[in-house]
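Structure at a glance
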Amino acid sequence: MKLKSHFHLIREFTINNFKLKYKNSSVAYLWSILTPLLMLATLYIVFSIIMKLDVPHYQLFLLIGIIFWNFLSEATTTSMNSLLAHGNIIKKMNFPNYVVVVSSCLSSFITLLLNLLIFFLFTLIFNVKLTAIAIILPFYLIELFILVLGISFFLSAFYPKFRELSHIWTFLLLIGFWVTPIIYRETMVPEKYLKYYMLNPLARLINEARDILIYHYTPVLKQILITLIICVLIFALGFLFFRKKSPYFAEEL
Amino acid sequence: MEVITLKNTSKSFRLEHDENSLKNRFENFYALKNISFSLKKGEALGVIGENGSGKTTLLKIIAGILKPTSGTVNVKGNIMPFIELGAGLQPELTGRENIFLYGALLGFSRIEIERKIDSIIEFSGLKKFIDAKLRTYSAGMQMRLVFSTAMINNPDILLIDEVISVGDESFQKRSFNKIKNLKSQGKTIVFVSHSMEQIKTVCDKAIFLKDGKIKASGLLDGVIHTYFETVYKRDNNSVFNSFDKKIKEILRREKEQKRILDSINKTQKDIFNRFKIKTLKKTFEKNEVEIDELKFSLSDLFENYKYMFESNLNSIDQKLSSAYDKNDSKLIKKLENIKYELLEDFKKLLILRTKFCDKTEKNKINHTLKILMHDQSSFFKGTKREINVLNEFKELLEKEIKQTKNQKIKEKLLEEFETIIMRISLLDKENKYGKKKTTRSFRRRILDNKQTLDNEKLEGIILVLRRVILDINENIFNLQLKKKNYLITKNKKKLLECKKEIIKLKQKRKKLIDEMNKKQKIIGVQRKNSNVKISSVRFLDLSSNETKIFRPGNKFTIEITYNSLKKVKNPVFGIGIFKEDGTHITGPNTKFHNFKINFIKGKGKAYYTIDSLPLLEGHYLVTVAIHPYNSFIPYDVHTKLYTFKVIKNHIEDFGTFYINAKWKIEQN
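Residues numbered from 1 in each chain as written. Chains lettered and ligands numbered in written order. Predicted model: local features only at pLDDT ≥ 70, side-chain atom pairs only at ≥ 80, totals over all residues.

**Remarks on the overall build of chain B**
Quick note on the threshold: The numbering of helices and of strands both runs from the N terminus, where a helix is a DSSP run of H or I of at least 4 residues and a strand a run of E of at least 2. Throughout, a residue-residue contact means that the two C-beta atoms, derived from backbone geometry, are no farther apart than 7 Å.
The number of helices and strands found in chain B is 15 helices and 18 strands. The contacts of chain B with a sequence gap of at least 6 include a subset with a gap of at least 24, amounting to 69%.

Spelled out as structure tokens, the structure:
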């Protein structure tokens, strides 16, 4: 099969994933918007009102973190399962397996984009103006996508043989939520751990996105490059691992 | 050009034995071991084997879905695998959406499919349902959708794994036609099926897999034969028992279905029991599918068994005919016993089959059953076995007569019934009077003849006697029928009268037969001194080899070897061909054909050749005679001593003759 037809496949799978997720009902889509909003409300109440965390534009600050985090956790969990879910096809047809993982990440990515629309609505409501620098956002989103895809490749290739992974991953996600600056600023992390802390690519991406969208900082090129390198590295490792394992999926499933 | 080449290909899986013990937990299991074969472009390969023999694994390896553990696989061209129904489809999407999805799996873009979607839907014949969700489709409908979509890919190589067997008959036919069509277009096909009929219609080569190894490969018939020999080498009785069990299971389930339907109808009146109805309906549907599956597997097994019996019978027939030639009476007896048992088992199988099929099928099977019994009875003509078979035949007919309501069919059946009873009574008589039947093919009775006036007279008397005896037979038969009627109506007086009359007639007949036998003996004694003898008669095929089995349209030659002790002037060679029921089909002789023979002396051979045998399926008897030019009293005659068999070929026809004719239709 040519690469062009891979593209058709990815598109077809993504559309179908998305359709199946909401089963053509708008109410279901409403839920996917409501989840981050409810999460936002809860976290906002707990950390801003009860714990009195002092962060400017805390609602927007939280929302970016939640949106990015939700994308990561949803995309990785669904794509980890995607090979199993499409086992019927993988076992019975000869077709590029990676398409399945890419498309399930992509359909989560669509949710991310829709959630970002909510975010922009919020910026209007809370009167935070967007500046020209926000134009880099798509670049960050692509970085985020590559990062998530890399993790997903690794997880999905590992999962058919090692089913305990799903439990481990839920656990890791739970930890990940707290070691990523979603509800707090990374500046609250003690100085001596900060160097290691900032190796977390998601933390970097969330930070960078907040900087350009809410606080209007001009990003530093060196930092952007470091993030990019980390994301591409994870992606490459995940993809290579996946490619090595992919001939055996049909019998492992 | 080789399109598919496998060289020493093996595939092993790691089998998990016991989850609890860590030692020896895994074991390497070879699903395929050292498979080597190659397939040229345009060839069709049938893959046969029992479940778990590695057929699907082989297809998956060819398709590239699985990677071989060792060895190489070389495939050139665009492969389209049909490994399992519904692979790549989404039950929650509509048929139309699934066409796009499946098309994308085949590497087509949305636009390309949009261009072709009308023809896809048309070929699938699912126009009405195309916008319904796939989960509402039946298995056959899903198959149609997949198959029609896959055909736009224009694949070079098709891998088909038993999927065609799903779907209704018209779809199967269309798919088969499509496959044959594709084959004639030069596509290569690998076809897995349990049904030998399907394999035979599609493939020209086959391999037989057993435990992952190639057990036989090459030409179709040979492979199928070894398959049957290895797979069905079991006690037939145990197989029949399992058949019986399955049938009982089906019947039980069908009863249950009825019960469920009843309770559904009952609860339907109760509006508040919707949930209950739903669950009931669900179990009903599930049961229905399971019954269908059971029936399907049964009929598949049945077809295979039938096929096996038929091929076995054919091979036995061939062995028998060669045994006849060698005149090895021990071997003949042995083979005949085998044949008898085979036929008995075959009949058992057919009778079992009638228990779980619909009416049209039942009629078909009854028909084949009748043909079979006919065959059996004619083959064992003149032995006790014939009577057994005829009695069975009678019972079958009785049942059928009871069941049919159509008057015309009933009359036909009654006619058949009468002839059977005639034959039984005839046989009974023969057995009583110890007269040996002459039609046993290998039991050659050579009668000689002396040309005398007395002889002519005696012959005439015998003919008259025969006629009278036949009349009496008919009378007896009619009386017996009457007797039966009286038995049913319980008219005792008339019954007694009938009985008396029958006894009278029988006594009369006995006298006549005694007389006839006496006369025949005289003729027989006289014949012994004849100068001309027929020493052997053989049937030859196209290449002048002896055979007893022909197909319609074959070249057919009768070779008569004679021995004339003295010089005999103007002899006439005559031949009579009869159907097994006695119908005289043809009686050519050299005199009628103006073929003049001046004289014969010493040993010689005469040939009678039909370029294209116009006879259809059945057993035929042959009489050969040599007689003088001016008289029908023969020097030597072998009356119905020789048999040959005509078996089916591609010509589908009914009756006795194959008549080469043309149809034409003119329409305005």
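**Focus on the sheet that holds strand β9 (residues 213-219) of chain B**
Residue and element names in this part refer to chain B. The cut-off we apply is this: Strand pairing requires that DSSP identify at least two bridges connecting the strands. Here an axis means a line fitted to C-alpha atoms, over the contact stretch when the element is a helix, while the angle between two N-to-C directions is reported on a 0 to 180 degree scale.
Sheet architecture is open: six strands sit in the order β5-β6-β7-β3-β8-β9, paired in mixed fashion. Either end of the sheet is taken by a strand with one partner, and the two such strands are β5 (79-82) and β9. In this sheet, adjacent strand axes meet at a mean angle of 15° when their direction is disregarded. As paired elements, strand β3 (residues 44-48) and strand β7 (residues 188-192) share four bridges and run parallel to each other. Residue pairing for β7: Val47 is matched across the bridge by Val192. Helix α1 (residues 55-63) contacts β3, β5, β6 (157-161), β7 and β8 (205-210) of the sheet and is inclined by roughly 155° relative to β6.

**Brief notes about the pairing of β7 of chain B**
Residue and element names in this part refer to chain B. Quick note on the threshold: Comment: burial labels come from other C-beta atoms within 10 Å of the residue's own C-beta, placed from the backbone, where a count of 20 or more is buried, 12 or fewer is exposed, and between is partly exposed.
Burial analysis of β7 places five of its five residues in the buried class, the great majority of the element. Residues Thr188, Val190 and Val192 point to one face of β7 and Ile189 and Phe191 to the other, with burial holding for every one of them. Pairing of β6 with β7, which is carried by five bridges, proceeds in the parallel orientation. Residue pairing for β7: Leu158 is matched across the bridge by Ile189.

**Brief notes about the interface of chain A and chain B**
Short version of the rule: When residues are sorted by character, Ala, Val, Leu, Ile, Met, Phe, Trp, Tyr, Cys and Pro go into the nonpolar class, Asp, Glu, Lys and Arg into the charged class, and all the rest, Gly among them, into the polar class.
Contacts between the two partners involve 18 residues from chain A, matched on the other side by 24 residues from chain B. Mapped onto the side of chain A that touches chain B, the elements with two or more residues apiece are α1 (3-22), α4 (87-92) and α11 (249-252) of chain A. Considering each element in turn, the side of chain A that touches chain B owes the most residues, six residues, to α1 of chain A. For the side of chain A that touches chain B, a count of residues per class yields eight nonpolar, five polar and five charged.

**Notes on the pairing of β9 of chain B**
In summary, the side chains of a regular strand alternate between the two faces of the sheet. Judged from the six bridges that link them, β8 of chain B and β9 of chain B form a sheet pairing that is antiparallel. The residue of β9 of chain B that forms the bridge with Phe208 of chain B is Ala216 of chain B.

**Some details on α1 of chain A**
Along an α-helix, residues three or four positions apart point the same way, because every turn accommodates 3.6 residues. For clarity, the cut-off: To estimate the expected span of a helix, count its residues, drop one, and scale the result by 1.5 Å.
Taking 1.5 Å per residue as the helical rise, α1 of chain A with its 20 residues ought to reach 28 Å, and the 29 Å between its terminal C-alpha atoms agrees with that figure. The complete set of buried residues in α1 of chain A reads Ser5, His8, Leu9, Ile10, Glu12, Phe13, Thr14, Ile15, Asn16 and Asn17 of chain A. In this structure, the buried residues of α1 of chain A make contact with α5 (98-125) of chain A together with α2 (95-105) and α3 (110-124) of chain B. Positive backbone phi, approximately 40°, marks Lys23 of chain A, located one or two places after α1 of chain A.

**Focus: the nonpolar core**
The condition is simple: The term nonpolar core refers to a group of buried residues, namely Ala, Val, Leu, Ile, Met, Phe, Trp, Tyr and Cys, whose C-beta atoms join them within 7 Å. Residue ranges for the domains originate in an automatic or database domain assignment.
With 135 residues, the main nonpolar core has Phe68 and Val148 of chain A together with Leu159 and Phe191 of chain B as its most contacted residues. A total of 14 residues in this core trace back to one element, the largest contributor, which is helix α3 (residues 58-85) of chain A. Split by domain, this core shows at least three residues from each of two domains, domain 1 (2-231) and domain 2 (236-433) of chain B.

**Regarding unusual backbone geometry**
In the Ramachandran plot, Asn127 of chain A falls in the positive-phi region, its phi being about 60° despite a non-glycine side chain. Secondary-structure assignment places Asn127 of chain A in the loop between α5 and α6 (137-158). Of note in this structure, Asn34 of chain B is not a glycine but carries a positive phi near 45°. With respect to the secondary-structure elements, Asn34 of chain B resides in strand β2 (residues 26-40).

**Here we look at helix α7 (residues 165-179) of chain A**
Look at α7 of chain A: 20 Å from first C-alpha to last across 15 residues, which is about the 21 Å you get at 1.5 Å a residue. Where burial is concerned, little of α7 of chain A is hidden: zero out of the 15 residues are buried.

**Points about the packing of α3 of chain A against α7 of chain A**
Residues and elements named next belong to chain A. Condition: For classification, angles of less than 35 degrees are called roughly parallel, those exceeding 145 degrees roughly antiparallel, those between 65 and 115 degrees roughly perpendicular, and all remaining angles oblique.
Close contact between α3 and α7 brings their axes to 11 Å; oriented N to C, the two are set at 175°. Taken together, the axes of α3 and α7 are roughly antiparallel relative to one another. Along its contact with α3, which presents Trp69, Ser73, Thr76, Thr77 and Met80, the element α7 presents Leu165, Ser166, Trp169, Leu173 and Phe177. Per-class residue counts for the contact of α3 with α7 are six nonpolar, four polar and no charged.

**Some words on the environment of Lys334 of chain B**
Residues and elements named next belong to chain B. Here Lys334 lies in helix α10 (residues 329-353). Exposure remark for Lys334: the 14 C-beta atoms within 10 Å place this residue in the partly exposed category. Residues Lys334 and Leu320, 14 residues apart in the sequence, show an inter-C-alpha distance of 9.5 Å.

**Quick notes on the confidence of the model for chain B**
Note: predicted coordinates in regions of low pLDDT should not be interpreted at a detailed level. All names here are of chain B. Applicable threshold: Each residue carries a pLDDT value, the predictor's own confidence for that position, ranging from 0 to 100.
Looking at chain B, the pLDDT average stands at 77 and 86% of residues meet or exceed 70. Low pLDDT, under 50, characterises residues 434-453; the stretch is placed with 46 contacts to residues that sit more than four places away or in other chains. Taken over the whole predicted complex, pTM reads 0.58, whereas the ipTM for its chain interfaces reads 0.81.

**A look at the sheet that holds strand β11 (residues 532-540) of chain B**
All names here are of chain B. Strands sit in the order β11-β13-β16 across an open sheet of three strands; the sheet is antiparallel. Each edge of the open sheet is held by one strand with a lone partner, namely β11 and β16 (599-610). Taking each pair of neighbouring strands and ignoring which way they run, the sheet shows an average axis angle of 15°. Where β11 meets strand β13 (residues 556-569), eight bridges bridge the pair, whose relative direction is antiparallel. When the sheet's bridge partners are listed, Val537 is paired in β13 with Ile560.

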